[in-house]
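If you want the building blocks of each chain, they are given just below.
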Amino acid sequence: MQNNYVTDAINLKSYNLSESDKIIVMYSKSNGLIKGIAKGVKKPKSKLGARMDLLVANTVMLHKGKTFNTICQAESLNTFKQTRTDLDKIFYSMYVAEIVNNFGLENDPGSETIYNLLYKALEYISSSKNKVEILLNVIKFQLQMMKLSGFSLEWDNCLSCRNKIGEETMFLVPYIGGVICKNCADKIPYDKKQIHAKLRDFFKAMSNNDFGANGYYEQNANEKVCTVTYEVLKQYIEQKCPQKFKSSEVLETLCS
């Protein structure tokens, strides 16, 4: 039986195991969420060294154990270097990594798609030229990750009466995952946010546009619109996840 395997993986979290060892939580291209012991990684002359830092993509070789895998080798694919000197990029990258950690599964059949999405998000956040570009990339990741997780938002039809919503004012209700018309607003007991059709169209465009797209909505986006969109999606994602998000608390403290 083959006890070693090789996969591409991105480091999401780490835990101290002993004076010299750490447990690294990774999202892998072939196996979804995996954990591996990085032996001796805290020693100055460790062969694994900086490759076990958070938000690093590696090709790793792991040895299967009864409880934990052991990381035998790691070859860096991308350290997302431009992220590491920018606080906004660091914390928004931590946030997208935490989404994958919270929604990802072990032996996930969709692991390659999620891995590629996370890799692209980290890469585009790293190369962003300003806060608006960072937020646009995070928003696209939020929407695509929710779609992959089965939590797509409804933008065209009222989730109460099912009538099509055109250019009129509507209400976004994160709890039920979409919009309701103004006629149904009083019937829905959950928290709701009044939004204009233009903001709805921005949500839809971000849901359909890939990283690196430079269409009308990307060109005309400003920080206020992007921040509102990001915050609404953050609230929605947190409602769909039973685990508490720690990175968002850090973001609120340091990036406000």
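This text goes with the structure placed above it.
As the structure is a prediction and not an experimental result, all values here were calculated from the model. (Residues numbered from 1 in each chain as written. Predicted model: local features only at pLDDT ≥ 70, side-chain atom pairs only at ≥ 80, totals over all residues. Heavy atoms only, no water.)

(A) Structural context of the pairing of strand 6 (residues 170-173). Burial along strand 6 is two-sided: the face carrying Met 170 and Leu 172 and the face carrying Phe 171 and Val 173 are both buried. For strand 6 and strand 7 (residues 178-181), the ladder comprises four bridges, and the chain directions are antiparallel. Counterpart to Met 170 in the pairing with strand 7 is Cys 181. Where strand 6 folds back onto strand 7 in an antiparallel hairpin, the turn is made up of four residues, including Gly 177, whose phi is positive at roughly 80°. The pairing of strand 6 with strand 8 (residues 193-195) spans three bridges and is classified as antiparallel. The partner of Met 170 across the bridge, within strand 8, is Ile 195. (Buried < 20%, exposed > 50% of the residue type's maximum accessible area, 1.4 Å probe, protein only. Helix = DSSP H or I, 4+ residues; strand = E, 2+ residues; numbered from the N terminus. Pairing = 2+ DSSP bridges.)

(B) The packing of aromatic side chains, seen in detail. In the structure shown here, the tally under the stated rule is ten aromatic pairs. Judged by centre distance (5.6 Å) and plane angle (65°), the ring pair of Phe 80 and Tyr 119 falls under edge-to-face. Of this pair, Phe 80 sits in the loop between strand 5 (69-78) and helix 1 (87-103) while Tyr 119 sits in helix 2 (residues 111-126), and the two are 39 residues apart along the sequence. In this structure, Phe 80 and Tyr 119 share a single accessibility class: buried. (Phe/Tyr/Trp six-rings, centres within 6.5 Å; stacked < 30°, edge-to-face > 60°.)

(C) Fine view of the packing of helix 3 (residues 131-148) against helix 6 (residues 223-240). For the pair helix 3 and helix 6, interaxial distance at closest approach is 9 Å and the crossing angle is 30°. Viewed along their axes, helix 3 and helix 6 adopt a mutual orientation that is roughly parallel. Relative to helix 6, the crossing made by helix 3 is left-handed. Across the interface between the two elements, Lys 131, Val 132, Leu 135, Leu 136, Val 138, Ile 139, Gln 142, Leu 143 and Met 146 of helix 3 pack against Glu 223, Cys 226, Thr 227, Thr 229, Tyr 230, Leu 233, Lys 234, Tyr 236 and Ile 237 of helix 6. Partitioned by chemical class, the residues of the contact of helix 3 with helix 6 number twelve nonpolar, three polar and three charged. (Axes fitted to C-alpha atoms, helices over the stretch in contact; angles between N-to-C directions. Parallel < 35°, antiparallel > 145°, perpendicular 65-115°, else oblique. Left-handed = near helix turned anticlockwise from the far one by under 90°. Contact = heavy atoms within 4.5 Å. Nonpolar A, V, L, I, M, F, W, Y, C, P; charged D, E, K, R; others polar.)

(D) Layout of the environment of Tyr 230. Within the element layout of this structure, Tyr 230 appears in helix 6. Using a relative accessible area of 3% as the deciding quantity, one classes Tyr 230 as buried.

(E) Summary view of helix 6. Over its 18 residues, helix 6 extends 26 Å from the first C-alpha to the last, a length consistent with the 26 Å expected when each residue adds 1.5 Å. Between the side-chain oxygen at the start of helix 6 and the backbone nitrogen of Lys 224 there is a gap of 3.1 Å, and the oxygen is on Asn 222. (Expected span 1.5 Å × (residues − 1). Polar contact = N/O pair within 3.5 Å; in protein donor to acceptor, adjacent residues only side chain to side chain.)

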